Amino acid sequence: MRYLFIFLTLFVCQSGFSQMYNTIAVDATVRSAEEGKITTLKTTIYYNVNGKMVTYYSRPDNIVIINNEKGQVSVYDKDNNSVIQSQNAYYSTKTNELYYFINNKKNDLGLAEIGFTIKDVSYEDGLTVTEWWPPSEGMKYFSSIKIVHDQENPIFMEYKDHTEMVVKKVYFYNYEQVNQIDFPRSITQIDFKTERDSIVSKTQYENIRFNVPEASEKLNFKIPADAKLIK
């Protein structure tokens, strides 16, 4: 289940994606630290204009994850021919970093699309700070989310639960322009299990490419019909 948690962390102005690109592929390395243990995951992510995402893990090399805009996610273990399935709005590809930046939704990082509304806007040291309220069904997860922008680019997010405890922080940095898109090559996420205990994950994106020939094949991956469903 610890690996499943780490896997799912990969899945958080107007869109130009559908006009410019049909598919995108990107390599990502995720390093996570928890209780003194460091885990490294290496993946290649394929994403299309319809919001489908298929993630292939090369370390470990037995996992494939499929998810979509509806928040339907399947985690397939090739070694055991088993699959874990779930559905949650917060697993939607609309909450994924790739979706935010490729679709130019840097202003709200996709929060408005999943029902969040603006609570407050303020300005601090040249930075724009917005606070967002969740929809009613999201209040069991978060009471508010804060986003900090440096000009047009988001650099920080903070999530609070219903007790007003900070449960997650996300930092976006090392921005580079790729095909006229400002994209953060590095993202660090801190998930607080308690006030003193946390999981720190750093994602490094590399080799971003558009409309590559293998993307269609990779996006058409099918989980075998005889795969064992793990509940």
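Rules behind the numbers
- Residues numbered from 1 in each chain as written.
- Predicted model: local features only at pLDDT ≥ 70, side-chain atom pairs only at ≥ 80, totals over all residues.
- Heavy atoms only, no water.
- Pairing = 2+ DSSP bridges.
- Helix = DSSP H or I, 4+ residues; strand = E, 2+ residues; numbered from the N terminus.
- Salt bridge = Lys/Arg side-chain N within 4 Å of Asp/Glu carboxyl O.
- Buried < 20%, exposed > 50% of the residue type's maximum accessible area, 1.4 Å probe, protein only.
- Core = buried A, V, L, I, M, F, W, Y, C linked by side-chain atoms within 4.5 Å.
- Contact = heavy atoms within 4.5 Å.
- Patch = residues over 30% accessible without salt bridge, like charges linked within 9 Å, V, L, I, M, F, W, Y side chains within 5 Å.
- Areas by Shrake-Rupley, 256 points an atom, 1.4 Å probe, with all protein chains shown as cover.

Quick word on the pairing of strand E7 (residues 117-124)
Thought 1: Sheet analysis places E7 next to strand E8 (residues 127-133), joined by seven bridges and oriented antiparallel. Its bridge partner lying in E8, Ile118 is registered against Trp132.
Thought 2: In this structure, the hairpin formed by E7 and E8 is closed by a connection of two residues, where Asp125 is found at a positive phi of approximately 55°.

Regarding the pattern of salt bridges
Thought 1: Across all of its chains, the model carries nine salt bridges by this definition.
Thought 2: The shortest N-O distance in the salt bridge between Lys146 and Glu158 comes to 3.9 Å. One end of the pair, Lys146, is in strand E9 (residues 144-150); the other, Glu158, is in strand E10 (residues 153-160), and 12 residues separate them in sequence.
Thought 3: Under the relative-accessibility criterion, Glu158 is labelled buried at 11%.
Thought 4: Lys193 is paired through a salt bridge with Asp197; the nearest N and O atoms lie 3.7 Å apart.
Thought 5: Assessed through its relative accessible area of 39%, Lys193 is described here as partly exposed.
Thought 6: The class for Asp197 is partly exposed, based on a relative accessible area of 24%.
Thought 7: Taken together, the salt bridges that share partners define one network made up of Glu34, Glu35, Lys193 and Asp197.

Focus: the nonpolar core
Thought 1: Core analysis: the biggest nonpolar cluster contains 33 residues, and Met157 and Phe210 have the highest contact counts within it.
Thought 2: Put simply, the parts of the chain that give this core at least two residues each are strand E1 (23-34), strand E2 (37-48), helix H3 (97-102), E9, E10, strand E11 (166-178), strand E12 (181-192) and strand E13 (198-210).
Thought 3: Tallying contributions element by element places H3 first for this core, with five residues.
Thought 4: If we skip the residues at most four places from it in the chain, Met157 touches Leu109, Ile145, Lys146, Ile147, Lys168, Lys169, Val170 and Phe172.
Thought 5: Among the nonpolar cores identified, the runner-up in size contains 13 residues, and Ala25, Tyr46, Tyr76 and Phe221 belong to it.

Considering a nonpolar patch on the surface
Thought 1: Taken together, the side chains of Ile118, Val121 and Tyr123 define a hydrophobic patch exposed on the protein surface, amounting to about 330 Å² of accessible area.
Thought 2: Of note, Tyr123 is situated in strand E7.
Thought 3: Judged by relative accessible area, Tyr123 falls into the exposed class, the value being 65%.

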